[in-house]
Amino acid sequence: RVAIKVQDGCNQFCTYCIIPYARGRIRSRKIESVKEEVIELAKNGIKEVVVTGIHVASYGKDLEEDIGLIDLLEEINKIDGIERIRLSSLEPTLITEDFVNRLSKLNKICDHFHLSLQSGCDETLKRMNRHYTTAEFKKATELLRKAYPNVALTTDIIVGFPGETEEDFLETLDVVRKSGYDSAYTFIYSKRTGTPAASMDDQIDEAVVKDRFDRLLATVNEISHKLSYRFEGRDMDVLVEGVNDHDSTLLTGRMGNNMLVHFPGDESLIGQIVKVHLDESKGFYYMGTRL
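An account of the accompanying structure is given in this report. As the structure is a prediction and not an experimental result, all values here were calculated from the model.

1. With respect to the environment of K282
In this structure, K282 sits in the loop between β11 (273–281) and β12 (285–290). Classification of K282 as partly exposed rests on a relative accessible area of 38%. Within the structure, the side chain of K282 is placed 3.4 Å from the side chain of E280, a separation counted as a polar contact.

2. Notes on the nonpolar core
Formed by 63 residues in total, the largest nonpolar core has its most connected members in Y16, V51, L69, L90, I95, L103 and F113. Beyond its immediate stretch of four places on either side in the chain, V51 contacts I4, V6, V56, L69, L73, I76, I85, R86, L87 and S88. With 14 residues, the next largest nonpolar core counts M255, M259, L269 and Y286 among its residues.

3. A closer look at unusual backbone geometry
In this structure, F13 takes a positive phi of about 55° despite not being glycine. Structurally, F13 is set in the loop between β1 (2–8) and α1 (19–23). Its identity is not glycine, yet N258 carries a phi of approximately 85°, on the positive side. With a relative accessible area of 24%, N258 lands in the partly exposed category.

4. Overview of helix α7 (residues 166–179)
Between its first and last C-alpha atoms α7 spans 20 Å; for 14 residues at 1.5 Å apiece the expected length is 20 Å, and the two agree. Taken as a whole, α7 has its buried residues at D168, F169, T172, L173, V175, V176 and S179. The buried side chains of α7 occupy one side of the element, clustering within an arc of 160° when seen end-on. Turned more than 90 degrees away from the buried face of α7, the exposed residues are E167, R177 and K178. Buried residues along α7 sit in contact with α5 (122–128), α6 (134–147), β6 (152–159) and α8 (206–227). At the exit of α7 stands G180, carrying a positive phi of roughly 65°.

5. Focus: the packing of α7 against α8
Remark: α7 packs on α8, axes separated minimally by 10 Å, with the N-to-C direction vectors making an angle of 10°. Taken together, the axes of α7 and α8 lie roughly parallel to each other. Listed contacts from α8 to E166, F169, L170, L173, V176 and R177 of α7 are R212, R215, L216, T219, V220 and I223.

6. What to know about the sheet that holds strand β7 (residues 183–188)
In spatial order, the strands read β5-β6-β7; together these three strands make up an open sheet with parallel pairing. The sheet is open, and its two edges are formed by β5 (112–114) and β7, each paired on a single side. Direction aside, neighbouring strands of the sheet carry axes that sit 15° apart on average. By the bridge criterion, three bridges tie β5 to β6 in an arrangement that is parallel. Pairing of H114 across the sheet is with T154, part of β6.

Calculation notes
Residues numbered from 1 in each chain as written. Predicted model: local features only at pLDDT ≥ 70, side-chain atom pairs only at ≥ 80, totals over all residues. Heavy atoms only, no water. Helix = DSSP H or I, 4+ residues; strand = E, 2+ residues; numbered from the N terminus. Buried < 20%, exposed > 50% of the residue type's maximum accessible area, 1.4 Å probe, protein only. Polar contact = N/O pair within 3.5 Å; in protein donor to acceptor, adjacent residues only side chain to side chain. Core = buried A, V, L, I, M, F, W, Y, C linked by side-chain atoms within 4.5 Å. Contact = heavy atoms within 4.5 Å. Expected span 1.5 Å × (residues − 1). Arc of directions from axis to C-beta. Axes fitted to C-alpha atoms, helices over the stretch in contact; angles between N-to-C directions. Parallel < 35°, antiparallel > 145°, perpendicular 65-115°, else oblique. Pairing = 2+ DSSP bridges.

Printed below as a string of structure tokens:
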């Protein structure tokens, strides 16, 4: 698989992030430019492309044409040879009924979506200058689950943002428990010189932040471990990525939901999508048998 960068820059100005200052305003590539690159990749045997950018949800907002990310995805979906389209991190505000309705009609979209939560507390989200509420975030996940029965959802969460109380943190834990993420990238808040958050009052004590981080990580791991077993015994399409790093008799591949599978096979299968029976879940990956 190959990552395709379709835009650069960001206009969001989250209070903890330096990217808008360092990378500037959003700049989107023309659809034709992206299509040309993807067509060339398809000619070279690439089966999966990852549509990415600094803030990929804003794709098209700076272009003269009235287009957005969904228009780009519809064009990529038409390209012969490409069998999978994977999306990088998305904003919850992008996930509307219209967006999901159009997205679900594209047969090449992977059923793995990364939605950045950052915090499960609305007051903290306001201080972060995130442009959604926890209710809106929940609605976005519900829309995706309804459209994609086998969906895998992942997220980002920051612990210890200035002003975060124990009650605020518990709200985040509650959202994590109810949302059921397959995995989450968890971060301890760290100051970035030049950002508004760096000069905010109520910076959190390091020991308190570390305790919250450990509790969050334990909760995330418990949930994701339980969820990982739900595909055991099923037959799934797997894109073969290479020889297993620890056992040369095994191949390693990736399902559409982004989970890894290790199974016996020959190097000639690398780059192909094959059907694999998932024999056993190991918690965060599967052992399988090619059908």
